[in-house]
Amino acid sequence: MKISDVVAFMGHQVHVCRYREAGTLLGWMGRDLRGRRVLDVAGGDGYWAGRARRRGADAVSIDLARKKMVYGRTLADAPALIECDALRLPFADGSFDAVLSVCAIEHFDDGGRSLDEMARVLKPGGEIFMSADVLSRADAWPKLRDAHRSKYHVQHTYTHESLRKLMDERGLDLVRHSYQFRTAGAERLYLSLSTYGGKVGFNAAAPLTPLVALADRKAPNERGSIVLVQARKR
């Protein structure tokens, strides 16, 4: 294994939330993706699209972060990496069987327009697997909330219901949803790590992942820091 793959593994999978978040979305997508074309929107270095490629998909990752994409080309199982704007995808209508997007929509000024493009390039019957910041209780900790939004350029937050409405307007039906960091303690942990710890903090907190997952299973699936959704195009 190359050093670049080790670094990518540490950054994406040794992480208190990203592995469970993206791993859940890929789990919903399926273990056998042979014959399916998958697009990862705002995929950075393409790591998660590369996981889809390992499952047999014809995978494409798009982003505007050229440095990340140059790095992504050095990884094993690298997908096709295309530098382009998520709000103006350079693909024909109905080009993909599935669209993946991990916590990207909250960074767009116009989340609806990004969904327009995702829905446009998706085949009828194709599915979107995406996550978004919710920060359900963030108003309880305004300094943490504001620092998180500023540091990560969060323009909007979403719930499964607000995403359901946006998707319904674009011919997409919500199939299922799941919240992560559901309890107040877990939400505060998430905001504290994002504000003060960054990637190092999230990785250092990785041993807490089983505890957060256990707390999530016991809490109602109605709010949290991150929401995951699966939707199907009519």
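Up top is the structure these notes are about.
As the structure is a prediction and not an experimental result, all values here were calculated from the model.

### Observations concerning the pattern of salt bridges
Applying the stated criterion to the full structure yields 20 salt bridges. In this structure, D77 and R54 form a salt bridge, with 3.6 Å as the shortest nitrogen-oxygen distance. With a gap of 23 residues between them, D77 in the loop between α4 (66-72) and β3 (80-83) and R54 in helix α3 (residues 47-54) connect regions that are remote in the sequence. With a relative accessible area of 31%, D77 lands in the partly exposed category. Of the residues examined, R54 reaches a relative accessible area of 56% and is grouped as exposed. Linking D168 and R234 is a salt bridge whose minimum nitrogen-to-oxygen distance equals 2.4 Å. Placement of D168 in helix α7 (residues 160-168) and of R234 in the segment after β7 (226-233) is noted, with a sequence separation of 66 residues between them. Its relative accessible area of 42% is what places D168 among the partly exposed residues. With relative accessibility at 49%, the residue R234 sits in the partly exposed group. Look at the salt bridges and you will find they share partners, linking D116, K165, E169 and R170 into a network.

Thresholds applied
- Residues numbered from 1 in each chain as written.
- Predicted model: local features only at pLDDT ≥ 70, side-chain atom pairs only at ≥ 80, totals over all residues.
- Heavy atoms only, no water.
- Salt bridge = Lys/Arg side-chain N within 4 Å of Asp/Glu carboxyl O.
- Helix = DSSP H or I, 4+ residues; strand = E, 2+ residues; numbered from the N terminus.
- Buried < 20%, exposed > 50% of the residue type's maximum accessible area, 1.4 Å probe, protein only.

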